[in-house]
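# Architecture at a glance
Residue-level listing of the chains:
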Amino acid sequence: MPKIAVLPGDGIGPEIMVEALKVLKVIGEQYHMLFEVNEYPVGGYAIDHFGEPLPDTTLEHCLQSDAVLLGAVGGPKWDDLPGESRPEKALLGLRKELKLFSNLRPVKVYDPLVEASTIKPEVIQGVDLLVIRELTGGIYFGERTKVMTEKGIKVSDTLTYTEEEMERIIRLGFETAMKRNKKLASVDKANILESSRVWRKIVNTMAKEYPEVEVQHVLVDNCAMQLIRNPKQFDVIVTENMFGDILSDEAAMLTGSIGMLPSASIGTEKVAMYEPIHGSAPDIAGLGIANPLATILSLAMMLKYSFHMNEAATQIEQAVDHVLQAGYRTKDLATNKIESTKLTGTKEMGDLVVQVLKGEFIS
Ligand SMILES: NC(=O)C1=CN([C@@H]2O[C@H](COP(=O)(O)OP(=O)(O)OC[C@H]3O[C@@H](n4cnc5c(N)ncnc54)[C@H](O)[C@@H]3O)[C@@H](O)[C@H]2O)C=CC1
Ligand SMILES: CC(C)CC(=O)C(=O)O
Ligand SMILES: [Mg+2]
């Protein structure tokens, strides 16, 4: 029986997770698949109850599972803790221990959301790109120092990559480009950073193995601008950890909201992790208004990548499209530009997706 470890976490994490699990239950029934689903503590919740953000038992269970579904971690309650004990440390720990070196963040603009966007329809209609972010190296994992000098505090965060770490993510970029539209944008800051210069050299060397792939080097600041100016020029974007983190939050707004973007973190082992790209959204936690679609779509990615249930994954994506087509919007997607918008809460949005999947949807 496939084993799924569920880590709801903090803030809106538990709220959006409930909706994704409702969808998983329906899919399990429809495909006669029995999933073993167990919940484990992580993040701030785990600090409060067990004294650490990533308890050993949580990590052990994740390592023994086929897939992990994570909500989000963190929040103001834990903001004053030192770096090593913060909820976010659990995320980095999971990514490192589960060896999840790649993070796939698909940026797909759903047609029903185009009209309401503040961005011109011709810019965003049909956007379907994939950000491949390196996930276990770079500045988030480098050595940090903080010393007191005569002139005050002096701090450093180190960006380190080995050739091997860069090669494997760049290779994934090329392989993915081959399966899609044979276009790869490699994003770096090679005009300044040594790590980026080596990154770019690896891309150029590897490009010889993939003569069909059209390779474009883009400096990260320019890429941030181009994503808004003309996102359709991109198909697969491959980049290092922090650049990918920032660019994908930016790209999420092309889709209407950060609450729409799912992700899959895949590595060298059997277990993979799936999570929305957003955080715990403390500003709206407990209000029942969070958008659960990024988590529901992360579940769809799990079904596709971990369980090869491509049809079920497509069914979920189509159900999301159907609900949006019918005018339903959580607050982050709602706009007074469209009068027919039907404002829904987190639970209602999950219920609507379930109704479509069950063929019980009445708009
Ligand atoms: N994967 C994770 O667990 C992540 C955790 N974090 C943590 O989350 C906490 C909050 O971070 P922020 O910078 O505020 O980023 P955030 O992504 O949690 O929120 C940014 C803004 O987007 C909105 N938002 C996010 N998800 C939404 C959803 N599903 N539906 C509707 N609106 C949504 C929030 O209300 C907020 O206004 C911090 O402690 C941060 O470290 C941040 C990013 C990722
Ligand atoms: C702890 C951070 C690296 C989380 C984050 O912003 C992300 O992974 O998107
Ligand atoms: Mg982020």
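Residues numbered from 1 in each chain as written. Chains lettered and ligands numbered in written order. Predicted model: local features only at pLDDT ≥ 70, side-chain atom pairs only at ≥ 80, totals over all residues.

Here the chain is described as being made up of domain 1 (1–103 + 260–363) and domain 2 (118–255). For domain 1 versus domain 2, the separation of C-alpha centres amounts to 24 Å. The interface of domain 1 with domain 2 comprises 11 residues on the first partner and 15 residues on the second. At the level of elements, helix H4 (88–97) and strand E4 (102–108) are the ones that each hand at least two residues to the side of domain 1 that touches domain 2. Counting residues per element, the side of domain 1 that touches domain 2 draws most heavily on H4, which supplies 3 residues. Here the residues of the side of domain 1 that touches domain 2 are counted per class, giving 6 nonpolar, 3 polar and 2 charged. (Domains from an automatic or database assignment. Contact = placed C-beta atoms within 7 Å. Helix = DSSP H or I, 4+ residues; strand = E, 2+ residues; numbered from the N terminus. Nonpolar A, V, L, I, M, F, W, Y, C, P; charged D, E, K, R; others polar.)

Turning next to the sheet that holds E4. Pairing is mixed across the open sheet formed by 10 strands, whose spatial order is E2-E1-E3-E12-E11-E4-E5-E10-E8-E9. At either end of the open sheet lies a strand with only one pairing partner, and these are strand E2 (36–39) and strand E9 (214–219). Adjacent strand axes in the sheet meet at a mean angle of 20°, parallel and antiparallel pairs treated alike. Packing of helix H7 (residues 194–207) onto the sheet brings it into contact with strand E8 (183–188) and E9, and relative to E8 it is tilted by some 160°. Docked against the sheet, helix H8 (residues 220–229) engages E8 and E9, running at close to 105° with respect to E9. (Pairing = 2+ DSSP bridges. Axes fitted to C-alpha atoms, helices over the stretch in contact; angles between N-to-C directions.)

Let us now look at H8. Those residues of H8 that sit buried are Val220, Cys223 and Leu227. For H8, the angular spread of buried residues about the axis comes to 45°, placing them on one side. Looking at H8, the residues exposed on the side facing more than 90 degrees away from the buried face are Asp221 and Arg229. (Buried ≥ 20, exposed ≤ 12 C-beta atoms within 10 Å, placed from the backbone. Arc of directions from axis to C-beta.)

Quick look at the packing of helix H1 (residues 13–30) against helix H10 (residues 293–305) now. Closest axis-to-axis distance for the H1/H10 pair is 8 Å, and the angle between their directions is 40°. The orientation of H1 relative to H10 falls into the category oblique. For H1 against H10, the interelement crossing comes out right-handed. Packed against H1, whose contacting residues are Ile16, Met17, Glu19, Ala20, Val23, Leu24 and Ile27, the element H10 presents Thr295, Ile296, Leu299 and Leu303 at the interface. Here the residues of the contact of H1 with H10 sort into 9 nonpolar, 1 polar and 1 charged. (Parallel < 35°, antiparallel > 145°, perpendicular 65-115°, else oblique. Left-handed = near helix turned anticlockwise from the far one by under 90°.)

Bringing the site of ligand 1 into the picture now. In the region of ligand 1, 22 residues are neighbours, and Gly74, Gly259, His278, Gly279 and Asn291 sit closest. In terms of residue class, the shell around ligand 1 is built from 11 nonpolar, 7 polar and 4 charged. (Near = placed C-beta within 6 Å.)

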